[in-house]
Amino acid sequence: MVTRRKKAAAIFSAITGTIMVMGGVYLLSGANPAEQLQSEFAQAVDLSPLAQIAVQNNGRLKSFDSYARTMMKWVSGSNKINNQSASFTYFDLLFRPNTYNDADIIFVKHIDVRRRIAQRLMNDSQVGPERMARFQKTGMIAARFLTRADVAALLEEMKQDLIRTNKAVDAIESALAVSNPAVLEANMLIIPAAGADPLAGWQPVNVLRGQTPQDQTHAEIATASVSGLDSNAQRAVTQAWGELASGWSRQDAAVVNGAIQTLAVQLPLLNPVLYPAADKLKLESWYFRNYSLVWTWIIYLLAVVPLLMAVIYHWSGARRLGLIIFSIAFLMHTSSIGIRWYLSGRIPNSNMFEAIWAATWFGSLAALVIEYLVRRSPMKNLFAIGAGVCSMVAMMCSQFMPVELNSDIDHVMPVLNDVWLYIHTNVIIFSYCLIGMAAVTAMIYLVYRVLTGDDQFARAGGAGQLILSGSGAKSFLKGPSATMGQVLDGATMVTMELSFILLWAGIVMGAIWADHSWGRPWGWDPKEVFALNTFIIFLVLVHVRLKVKDKAWWTAVLACVGCAVMLFNWIIVNFVITGLHSYA
């Protein structure tokens, strides 16, 4: 009883400490020392009705909150301006652009580009070294510095370097363009098309007017100008927009709040047939306000702690606790994917953010199934640990690399709009997560091997043994004589063999899709080549397993090497090397 209490106390202490540390990391990750407190006007404005307003953008209808977030990412990346919401900053740039003349709102991601711009401005007395030091640290700079003749010449020079700095300069030019009030207004397509065609183009609010009425006195000049839309709603929208512009310029929160509420009510009345349901728009706003649920990685981490203790101490209570927490994380994971599916109207796997979430979802589902099958085996807990670690890492990348892993929900590229997207892609990314899970148990084995010198390996087992024996058959892995080295090796073999089969199937399916889409099954595209390289490494692993004496060691080493090649294929090929699969 005392031993069990000590174990329980150890688990409780570990989880409590983990919660405190990870909670602190999570909170600090959202803090930006350069951010200022919101103004009184920003605090008084109620933007919640915007969640009911739809905007057509990039081929789909988004909530205004989601749209503003997308547009502000072009300007300031994942940084908040003065701790304001993206929607507030959008309207502030639209109606009070002069406020930001000297504000650091443009995000420059490329480190070397920052350094060269800072060097050009460092000696300018109007800038100062402190501001340039802050710019090099945060990447945030005022637009007026980037439009100076000397800096513009530098950017044009760097744009000629197609390999190193061309994309970074393009991003700066896009940020400057998007922050222009005229661009913000022209891109805010909130006036639905007439008729019932869901693909018809929406229009900006200025289609309803010649000039925006600036106050109530001039509101009568608004005239309905779009046939097929409700005329009364057109007049109400035009008047409310004028009040919004006027009230925002004067920072009159009461007028602004009333205008926003009127817009939220009247815009859907323009064409109720085409306008999306308010609940759907609110759900999208909620989803992005909660950071796309990327914080689910904390729950996965909390699950890994007791599962590791269950492996070390062989305590069933820790296993039950770990699997309960893991199941909660999996439900949150499933909810996030389900919300994206509902909002986008498609299976969410068409960009990098969606791909890594789908991959780890498949891995977590597989872990739950395998954990049930091996519930009486010493291998239990290891698959949930592997899936938990992979999911945790993927979601941490989603949170801490929001620019690279953009969580925006957009339409599918035409070349991807094929049934093979949901077959080939899902099989490939499922195999990738299994490769990651195999690498987790392989790395645990390598650490165990270095510390203990145990060179035992699984003489039976792997995926084949798992399929043939099930949970009730006798095996050395179910007996008390199995060493930890054998157990870790057996678990690595299970996920390695499953990933080997799925990767092979995915490559074949990719060749079929390529022949269907591009007229040839193989084109030596970088993505194809490194997927094949990953498969070859695991093919080598299978044959090395048969020949070498130290089977467990080389299995673990090659599993880690295969994972490294897979990550190179998924990261470097996607973000650095240009190819036909650069969008995937």
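Residues numbered from 1 in each chain as written. Predicted model: local features only at pLDDT ≥ 70, side-chain atom pairs only at ≥ 80, totals over all residues. Heavy atoms only, no water.

Trainee: Where do I start with the overall build of the chain in this structure?
Mentor: A tally of helices and strands in the chain yields 22 helices and four strands. Residues classed as buried in the chain amount to 51% of the 584 residues present. Here the analysis covers contacts within the chain between residues at least 6 apart in sequence; of these, 75% occur between residues at least 24 apart. Split by element, the accessible area of the chain, about 26400 Å² in all, is 63% carbon and sulfur. (Helix = DSSP H or I, 4+ residues; strand = E, 2+ residues; numbered from the N terminus. Buried < 20%, exposed > 50% of the residue type's maximum accessible area, 1.4 Å probe, protein only. Contact = heavy atoms within 4.5 Å. Areas by Shrake-Rupley, 256 points an atom, 1.4 Å probe, with all protein chains shown as cover.)

Trainee: Explain helix α18 (residues 419-452) here, please?
Mentor: The α-helix winds at 3.6 residues per turn, so residues separated by three or four positions along the chain end up facing the same way. For α18, which comprises 34 residues, the first-to-last C-alpha distance of 50 Å matches the rise-based estimate of 50 Å (1.5 Å per residue) to within 8%. Looking one or two places after α18, you find Gly 453, whose phi comes out positive at around 80 degrees. (Expected span 1.5 Å × (residues − 1).)

Trainee: Can you help me understand the environment of Gly 139 in this one?
Mentor: On the secondary structure map, Gly 139 appears in the loop between α6 (129-138) and β4 (140-142). Apart from residues lying up to four places away in sequence, Gly 139 is in contact with Ile 106, Phe 107, Val 108, Arg 114 and Arg 134.

Trainee: I'm lost on the nonpolar core in this one. Help?
Mentor: When a protein is soluble and globular, its nonpolar side chains tend to lie buried together. Counting residues in each nonpolar core, the largest one holds 81 residues, and the members touching the most others are Phe 383, Tyr 432 and Trp 570. No other element matches α18, which puts 14 residues into this core. If near-sequence neighbours (up to four positions away) are discounted, Trp 570 is found in contact with Met 352, Ala 355, Ile 356, Ala 359, Ile 429, Tyr 432 and Lys 527. Among the nonpolar cores identified, the runner-up in size contains 77 residues, and Tyr 90, Ile 172, Leu 189 and Ile 191 belong to it. (Core = buried A, V, L, I, M, F, W, Y, C linked by side-chain atoms within 4.5 Å.)

Trainee: Is there a simple way to think about the confidence of the model for the chain in this case?
Mentor: Do not read the predicted coordinates in detail wherever pLDDT is low. Averaged over every residue, the pLDDT of the chain is 85; the share at 70 or more is 85%. Taken as a whole, residues 31-35 scores under 50 in pLDDT and shows three contacts with residues more than four places along the chain or in a different chain. A low-confidence stretch, residues 211-222 stays under pLDDT 50, and its non-local contacts, those more than four residues away or across chains, total 16 contacts. (pLDDT = per-residue confidence, 0-100.)

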